[in-house]
Amino acid sequence: MSDSQPQIVYDRGDLSFIIVAGAMVFFMVPGLAFLYSGLSRRKNALSMIWAVAAANGVVIFQWYFWGYSLAFSTTADNGFIGNLSNIGLRKVLDNPSPGSPLLPDILYSFFQMEFGCVTAAILMGGLAERGRVLPGMVFIFLWMTLVYCPLACWVWASHGWAFEWGVLDFAGALLKIESIIRTHGSIICTGGGPVEIGSGVGGLAFSWVLGRRGERQLINFRPHNVGLVYLGTAMLWFGWIGFNGGSAFGANVRAIVAIWNTMIAGALAGLVWCALDFRYERRWSMVGLCSGTIAGLVAATPSSGYVHPWGSVVIGILSGALCNFATKVKYLIRIDDALDLFAEHAVGGIVGLIMNAFFASTNIIAMDGVNVGIEAGWVDKNWKALYKQVAYVAATCAYTFVVTALIAKGVDMVPGLKLRTSPEGEIIGIDETDIGEFASDYIELRREVHDSFGSSSKLVAAGDRHGVNDLELGKHHNGNGTAPPSEVINEKPETGLAPNN
């Protein structure tokens, strides 16, 4: 700020609230790491944690270097992407932010950075079971620059085409006159488009370029640690309170409504998904409960700051059911979306965005004390909201899929940056080929199961005890049902790994 400008005094309560909310959003990053690790086979568990953690570092640098400027620079006017006027956080200090006059630019940039970190972490689920981590980091830097920053600019920047058009993504005050935005309006952001559709559709395109896993890896694929799945989900839910509540950009009533809507949608979606899974398995699936909860939280992302709590009841039920059914899409289109990024994040985000057209309320928007008189949804007789939401969803999905696929294919063609591991690496696991460490290691006499084994061996059914199948175990026993050590050590499994390891 220049010396000629008066000193701006910000409400310290609002500043503290957003600092804490940003820290809560960061907590979602390790939550995703644990979630993805638990959902993967044991032989790939650590590689998922590494990919999420490393992507977090890449995004922090990218956002500092030029990401924030490309998404939010106020001197750009093309409606598609910003310019480099704020490269390296240049002139990003205590001036009012482009998103809200209630916050300084430097705090706004931090809060927005955490959104980018979470989006990249979600997208890293596309690497599951067969993606190399180093090329994945090159990909995520380019993806943040060419996909995420434009998507953020469209709907969150004051000059973005979707913002000026009046799209409801809990990401825009929809005030068309720039001078009014500066003095009276906030660009409210969570992000059904940039975060959820960006990561979900981007993950689908990335998985398409990577190709399907080998048939052996598709058989009997199940989470190796359901406890980690729930731990990750609980950490995500905690972080989501800051994600959506903080997007009101102040300690105000609208933030509390957003938090309530987040809780309602997540809870109901989890119960609906679990009930739908019970129809087939006649078991109450913990993974299903967690998956549904995440789907509901995703749907709340674009809607929580717009709708009454009763609207979130509908949104939670719809997202739990539709996202559950959407897990079958990958089989129809034969894209190996191993961790269901499309079904949970893209479909969940689309549900929330479309429901805004019906349930968004001017009264809820005005509860932040800043955004007054905003055109909302059908409950306020704003009938044109529906076609705008549908058009925005279509544009976001199409742009994300095409550009993500082009980036992934381009990186894959660079020597040394092949995105997919070798068939042998897929069998032994990414932890072994890329990391050299393991999420769950054990006391052992030798690293490989087959080290020092005899030359004569026969294959056994994967998953049998100690590499000896049950038939052999019954034939050769010591009277107590166990095979002699000499016989156990001469049996050699095909890979030393059970199919779910």
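Summarised in this report is the structure supplied together with it. (Residues numbered from 1 in each chain as written. Predicted model: local features only at pLDDT ≥ 70, side-chain atom pairs only at ≥ 80, totals over all residues. Heavy atoms only, no water.)

**Describing the packing of aromatic side chains**
Working step 1: On inspection of all chains with the given rule, the structure shows 33 aromatic pairs.
Working step 2: When the centroid spacing of 4.5 Å and the interplanar angle of 25° are considered together, the rings of F139 and F206 count as stacked. Highlighted residues: F139 in helix α5 (residues 133-156) and F206 in helix α8 (residues 192-210), separated in sequence by 67 residues. The two residues F139 and F206 agree in class, both being buried.
Working step 3: Each member of the aromatic cluster is reached from another via a ring pair, and the members are W63, Y68, F72, Y108, F111, F115, W143, Y148, W156, W240, F243 and F249.
Working step 4: Taking NZ or CZ as reference, R213 lies 4.5 Å from the ring centre of F221, over its face.
Working step 5: Here the basic side chain of R254 rests over the ring of Y306, its NZ or CZ set 5.3 Å away from the ring centre. (Phe/Tyr/Trp six-rings, centres within 6.5 Å; stacked < 30°, edge-to-face > 60°. Helix = DSSP H or I, 4+ residues; strand = E, 2+ residues; numbered from the N terminus. Buried < 20%, exposed > 50% of the residue type's maximum accessible area, 1.4 Å probe, protein only. Lys NZ or Arg CZ within 6 Å of the ring centre and 35° of its normal.)

**A few points about the nonpolar core**
Working step 1: Ranked by internal contacts, the top residues of the largest apolar core, which has 108 residues, are Y36, W63 and Y148.
Working step 2: For this core, the element with the most residues is α5, which contributes 14 residues.
Working step 3: Apart from residues lying up to four places away in sequence, Y36 is in contact with M48, V52, A121, I122, M124, G125, L339 and L341. (Core = buried A, V, L, I, M, F, W, Y, C linked by side-chain atoms within 4.5 Å. Contact = heavy atoms within 4.5 Å.)

**Things to note about a nonpolar patch on the surface**
Working step 1: Where nonpolar side chains cluster on the molecular surface, the patch consists of W310, V313, V314, I317, L318, L322, F325 and V379 and spans about 630 Å² of accessible area.
Working step 2: With respect to the secondary-structure elements, L322 resides in helix α13 (residues 309-326).
Working step 3: What makes L322 partly exposed here is its relative accessible area of 39%. (Patch = residues over 30% accessible without salt bridge, like charges linked within 9 Å, V, L, I, M, F, W, Y side chains within 5 Å. Areas by Shrake-Rupley, 256 points an atom, 1.4 Å probe, with all protein chains shown as cover. Salt bridge = Lys/Arg side-chain N within 4 Å of Asp/Glu carboxyl O.)

**With respect to the packing of helix α1 (residues 12-26) against helix α2 (residues 28-39)**
Working step 1: Contact pair α1 / α2: the axes reach a minimum separation of 4 Å and the direction vectors enclose 15°. Accordingly, the angle class assigned to the pair α1 and α2 is roughly parallel. Two secondary-structure elements touch here, α1 through M24, V25 and F26 and α2 through M28, V29 and P30.
Working step 2: Its residues assigned to classes, the contact of α1 with α2 shows 6 nonpolar, no polar and no charged. (Axes fitted to C-alpha atoms, helices over the stretch in contact; angles between N-to-C directions. Parallel < 35°, antiparallel > 145°, perpendicular 65-115°, else oblique. Nonpolar A, V, L, I, M, F, W, Y, C, P; charged D, E, K, R; others polar.)

**Focus: helix α11 (residues 253-281)**
Working step 1: Its 29 residues give α11 an end-to-end C-alpha distance of 42 Å, which sits within 8% of 42 Å, the value for a rise of 1.5 Å per residue.
Working step 2: Of the residues one or two after α11, R282 is the one with positive phi, at around 55°. (Expected span 1.5 Å × (residues − 1).)

**Some points on α8**
Working step 1: An ideal rise of 1.5 Å per residue puts 27 Å on 19 residues; α8 measures up with 25 Å between its terminal C-alpha atoms.
Working step 2: Most pronounced at G198, the bend in α8 amounts to some 35°.
Working step 3: Across the 19 residues that make up α8, a large majority, 17, are buried.
Working step 4: Among the residues trailing α8, G211 stands out with phi positive, at a value near 90°. (Bend = angle between axes of the 7 residues up to and from the residue.)

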